[in-house]
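# An overview of the molecular structure
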Amino acid sequence: MDWTDLIDTAFSVAGNNSQANRTEAVRTVEAAVIDGELPVASTAGRHPDHFRKGVLLLTTHRLLFLKDGKPPVPVPLPAVTDATVTRTKLNGDVLTVVAITGSHRFEDVVKADVFAEQVRTTAGRARTAPAPAPAPADAAPAELSAGEQLIGQLERLAALRASGALTEEEFTRAKQRLIG
C-alpha cells in the first residue's frame, strides 16, 4: 500500500470526496516523509478543535492528523506510551494517544479499536528499532545509558502528570509500559 492508497481510503471513510483535498493531503505527506518512513494504516477521525473529520495516518515513524490541506499534526511513535479507546454518546469512539510529548484525543474515530492496536504495535516497534546512525563524532552528544533514558522518560511523564496533561490513570499505564 502506498501513501495515495492509504489517504484515499481514509478520505472515503471520512466521507470527504474532494479530490483537491486528497491530492493536497498526499502532497503534504510526501513532502514531510522522513527517510525510511512507510505507511502502515489510516482511518478517519475528528480532532476536538475541528467539526469535520480528517485523516489519521499511521506510519512507521509517526501518527499524523491531516485536515483540509493543512500541515499535518505529528506524534512521534517512539514517544507513544499508550493508545486507548473509550465510547461516548456525544463523540462516538474516542481514541486517546498518550505520548511523552502530551496526550492527543481524536473523536468519532472509525474502527477505533483496530486502529488503536495498530498504533500500540507500531509504537512498540518504533521504540525498539535501532536508532539511526549518529551524526559525526564531533557533533554527536554523549549517549545516555538505558537506565538514564528510562529515568528521563519517567521524569517527563511525572511532569506531564503534575501539569495536568495526564490523569493519574494515564500516568500509571504509561509508567507500567515504560518499566515493562
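A brief structural summary.

What follows deals with the overall build of the protein. Each helix and strand in the protein was counted, giving five helices and seven strands. Going residue by residue from the N terminus, the α and β elements of the protein occur as α-α-β-β-β-β-β-β-β-α-α-α. Across the 180 residues that make up the protein, the buried fraction comes to 39%. Sequence separation of 24 or more characterises 49% of the internal contacts of the protein that already satisfy a separation of 6 or more. Accessible area of the protein: about 9900 Å², with a carbon and sulfur share of 56%.

Tallied over the entire structure, the rule returns one aromatic pair. Relative to F106, the ring of F65 lies with its centre 5.6 Å away and its plane at 35°, an arrangement referred to as tilted. Pair noted here: F65 is in strand β3 (residues 62-66) and F106 is in strand β7 (residues 102-106), with a separation of 41 residues, a long-range link. Owing to a relative accessible area of 2%, F65 belongs among the buried residues under this scheme.

Another point: the pattern of salt bridges. One pass over the full model with this rule turns up 10 salt bridges. Close ionic contact of E107 with R105 constitutes a salt bridge, the shortest N to O distance being 3.1 Å. Given the relative accessible area of 35%, R105 is considered partly exposed. Across the pair E169 and R173 runs a salt bridge, and its minimum N-O distance is 2.7 Å. Taken together, the residues E169 and R173, both in helix α5 (residues 168-179) and four residues apart, mark about one turn of the helix.

Moving on: the pairing of β3. Counting buried positions along β3 yields five of five residues, so the element is predominantly enclosed. Side chains R62, L64 and L66 project from β3 onto one buried face, and the interleaved L63 and F65 project onto a second face that is buried too.

Let us now look at α5. Counted at 1.5 Å a residue, the expected span for α5 with its 12 residues is 16 Å, and the 16 Å between its end C-alpha atoms agrees. Those residues of α5 lying buried are E170, F171, A174 and L178. Axial view of α5: buried residues confined to an arc of 100°, hence all on one face. Across α5 from its buried face, at more than 90 degrees, point the exposed residues E169, Q176 and I179.

The rules behind each value
- Residues numbered from 1 in each chain as written.
- Predicted model: local features only at pLDDT ≥ 70, side-chain atom pairs only at ≥ 80, totals over all residues.
- Heavy atoms only, no water.
- Helix = DSSP H or I, 4+ residues; strand = E, 2+ residues; numbered from the N terminus.
- Buried < 20%, exposed > 50% of the residue type's maximum accessible area, 1.4 Å probe, protein only.
- Contact = heavy atoms within 4.5 Å.
- Areas by Shrake-Rupley, 256 points an atom, 1.4 Å probe, with all protein chains shown as cover.
- Phe/Tyr/Trp six-rings, centres within 6.5 Å; stacked < 30°, edge-to-face > 60°.
- Salt bridge = Lys/Arg side-chain N within 4 Å of Asp/Glu carboxyl O.
- Expected span 1.5 Å × (residues − 1).
- Arc of directions from axis to C-beta.

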